[in-house]
Every structure is written in C-alpha cells, then in structure tokens.
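Remarks on the overall topology
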Amino acid sequence: GENVEQHPSTLSVQEGDSAVIKCTYSDSASNYFPWYKQELGKRPQLIIDIRSNVGEKKDQRIAVTLNKTAKHFSLHITETQPEDSAVYFCAVKAAGNKLTFGGGTRVLVKP
Amino acid sequence: DTGVSQNPRHKITKRGQNVTFRCDPISEHNRLYWYRQTLGQGPEFLTYFQNEAQLEKSRLLSDRFSAERPKGSFSTLEIQRTEQGDSAMYLCASSRYGSSTNEKLFFGSGTQLSVL
C-alpha cells in the first residue's frame, strides 16, 4: 500500500519566519495531495490541496509544491504567526479512494 | 452547524465491553469514512462507504470492528470486546463523490475512546 513519510516531526520557528514541511510518498499513481491542520483537541481541517497535474498552488501565506518525479511535496508557510501553531498532516490519495496520512509535524511559532 | 457530527465526544469503557459510535456526515455528501488516530500519529484509515455500500475495509481492521450505513446517511462504528489497544480518537469524514471537489474530506471532531 501507499507509504507516506513526513519531516520534520517538530518545527520551531520565530514569528515572521517561514516554515517548510516535506512529505514523500511511494505510489507513483498518487494523484491528490491535501494538507490538514489540527489544533489541540480539534478536528483536522483542510488548508490546501493540489492535484497531480499541477506543480504549485498558493493561497495567501500558504503554498504547496509537488515534484511528481521525485515523489515528494511540500507545505510552505510564510510570515508565520502564533495562530499557525498546530500539527500539520500531509496526505496522499492513490488509485483507491482513501487518503493515507503522514505522521504529522508539530509546528510551534514563537512570538 | 452543517459540518460532520460525531457522538459521543468521549467514551470511557471497561475492557471487554462493546461500544458504538455515531457519525452524521454533511447532508449532501455520499461518501463517509472512518479513521482512527492515536496520540502523535496521523489518522489511519479503517473503512469507507459510498451511500449504503461499504466499499473498502483496512486489512488491519480486526473482526471485532463493524461499521454500517444502513440508509446512506448516518453511520455507526461498533467495537466488540474492547481491548486497551483500541483506545484512540475515532474520526469520521465525509465527501461528495462525483462533484468537482470529490476528493476533499471534511472531518468531524471525533469520539475519544478510553478502554480501562
């Protein structure tokens, strides 16, 4: 089955700096790559997604880039703010209809 | 609130007891997913439905677990003879297959199960 690895597991940044989280996947047939943000005790919330026919997508301070050849994609958060502190999960959808999630990255934005 | 709704929010049970959780998806969503999440880990797929049909179950899913979606609306997840290893957050998600946004999964707040 699909294998998704996410790095780093924790990330501490100064407010205003950028944060980058990277995920790699194993199934070359994967075609959909969402990112979820989960605050403590709350539900995972979709923040941005990208399909395999697109290399980059941006939404205000967040962006996702996809390298299909290398089978990795990344989340970029610019101008980080304290409310960006949360756990971020990448996910991958391959030929089946389920999402396989990475292990998560705990992001701490220090004021 | 038109989001995914799960009940109960918390469940404490003794080992060996049966438990049942309920999920009400977003009303126009025809796909419903169950995931399990343990502390510090990403959600792990359990099973999913399209309308009332259960289309896939994880190979890791014990036969003590059963899920239903009898009328294609709400779903229940039952765990029989609970074990301490079943302690986790059980998340439900839904999506609208056949629409332009069919891959987008929307999650509920989950049911936190503690098996003593």
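Let me begin by describing the structure that accompanies this report. Please read these numbers as outputs of a predicted model, since none were measured by experiment. Residue indices begin from 1 for each chain and proceed along its sequence in written order. In the order they appear in the text, chains get letters beginning with A and ligands get numbers beginning with 1. Reporting of local features is limited, given that this is a predicted model, to residues whose pLDDT is at least 70; pairs of side-chain atoms are given and counted only at 80 or more, and all residues count toward the totals for whole chains, interfaces and linings. Only hydrogens and water are set aside; all other atoms, that is, all heavy atoms of the structure, feed into the side-chain values.

**Notes on the pattern of salt bridges**
Cut-off, in case you're wondering: Criterion for a salt bridge: a side-chain nitrogen of Lys or Arg within 4 Å of a carboxyl oxygen of Asp or Glu. Each residue gets one of three labels from its accessible area relative to the maximum for its type: buried under 20%, exposed over 50%, partly exposed in between, using a 1.4 Å probe on protein chains only. Here a strand is any run of E in DSSP of at least two residues, a helix any run of H or I of at least four, and the numbering for each starts at the N terminus.
Scanning the entire structure with this criterion turns up nine salt bridges over all chains. Here Lys57 of chain A ties to Asp49 of chain A by a salt bridge, and the two come within 2.9 Å at their closest N and O atoms. Owing to a relative accessible area of 35%, Lys57 of chain A belongs among the partly exposed residues under this scheme. Where Glu83 of chain B meets Arg64 of chain B, a salt bridge forms, and the shortest distance between an N and an O atom there is 3.5 Å. Within this pair, whereas Glu83 of chain B is found in the loop between strand E8 (75-79) and strand E9 (88-95), its partner Arg64 of chain B is found in the loop between strand E6 (53-57) and strand E7 (65-68), the two being separated by 19 residues in sequence.

**Observations concerning the packing of aromatic side chains**
All names here are of chain B. Rule in force here: Pairing of aromatic side chains requires ring centres within 6.5 Å, counting the rings of Phe and Tyr and the six-membered ring of Trp. Pairs whose planes differ by under 30 degrees are stacked, by over 60 edge-to-face, and all others tilted.
Considering all chains together, one arrives at 14 aromatic pairs over all chains under this definition. Between Tyr33 and Tyr48, the ring centres sit 5.0 Å apart and the planes meet at 15°, which makes this aromatic pair stacked. Here Tyr33 is found in strand E4 (residues 31-37), whereas its partner Tyr48 is found in strand E5 (residues 44-50), with 15 residues between them in sequence. We note that Tyr33, like Tyr48, is buried.

**Things to note about the sheet that holds strand E7 (residues 62-67) of chain A**
Residues and elements named next belong to chain A. For clarity, the cut-off: Pairing between strands is defined by DSSP: at least two bridges between them are needed. Only the stretch in contact is used when fitting a helix axis, every axis being a line fitted to C-alpha atoms; angles between N-to-C directions are given from 0 to 180 degrees.
Reading across from one edge, E1-E3-E8-E7-E6 is the order of the five strands in this open sheet, with antiparallel pairing throughout. Each of the sheet's edge strands pairs with one partner strand only, and the pair in question is strand E1 (4-7) and strand E6 (56-59). Direction aside, neighbouring strands of the sheet carry axes that sit 15° apart on average. Taken together, the four bridges between E1 and strand E3 (residues 19-25) define a ladder with antiparallel strand orientation. Among the inter-strand pairings, Glu5 is bridged to a residue of E3, identified as Thr24.

**Digging into the interface of chain B and chain A**
Note the cut-off: Here, residues are in contact when the closest pair of their heavy atoms is within 4.5 Å. For any pair of parts, buried area is found by adding up, for both, the accessible area (1.4 Å probe) each one loses once the two are put together. Residue type decides the class: Asp, Glu, Lys and Arg count as charged, Ala, Val, Leu, Ile, Met, Phe, Trp, Tyr, Cys and Pro as nonpolar, and the leftover types, Gly among them, as polar.
At the junction of the two partners, chain B supplies 23 residues and chain A supplies 18 residues. When chain B packs against chain A, the two sides together hide about 1700 Å² of surface, and 47% of this comes from carbon and sulfur. Remark: the boundary between chain B and chain A carries three salt bridges. Close ionic contact of Lys98 of chain A with Glu56 of chain B constitutes a salt bridge, the shortest N to O distance being 2.8 Å. Residue assignment for the side of chain B that touches chain A shows that the elements contributing at least two residues are E4 and E5 of chain B. No other element matches the four residues that E4 of chain B contributes to the side of chain B that touches chain A. Residue composition of the side of chain B that touches chain A, by class: nine nonpolar, eight polar and six charged.

**Examining the environment of Asn7 of chain B**
Residue and element names in this part refer to chain B. Within the element layout of this structure, Asn7 appears in strand E1 (residues 5-7). Each C-alpha atom, one on Asn7 and one on Thr20, is 9.2 Å from the other, the two residues being 13 residues apart in sequence. Look past the residues within four positions of Asn7 in its chain and what remains in contact with it is Phe21, Arg22 and Thr111.

**Quick look at the pairing of strand E11 (residues 105-110) of chain A**
Residues and elements named next belong to chain A. Here E11 shows one buried face, formed by Thr105, Val107 and Val109, and one open face, formed by Arg106, Leu108 and Lys110. Sheet topology places strand E2 (residues 10-14) next to E11; five bridges connect them, and they run parallel. Bridge pairing in E11 places Val13 opposite Val109. Relative to E11, strand E9 (residues 86-93) is paired through three bridges, and the arrangement is antiparallel. Note on E11: the bridge partner recorded for Val87 is Arg106.

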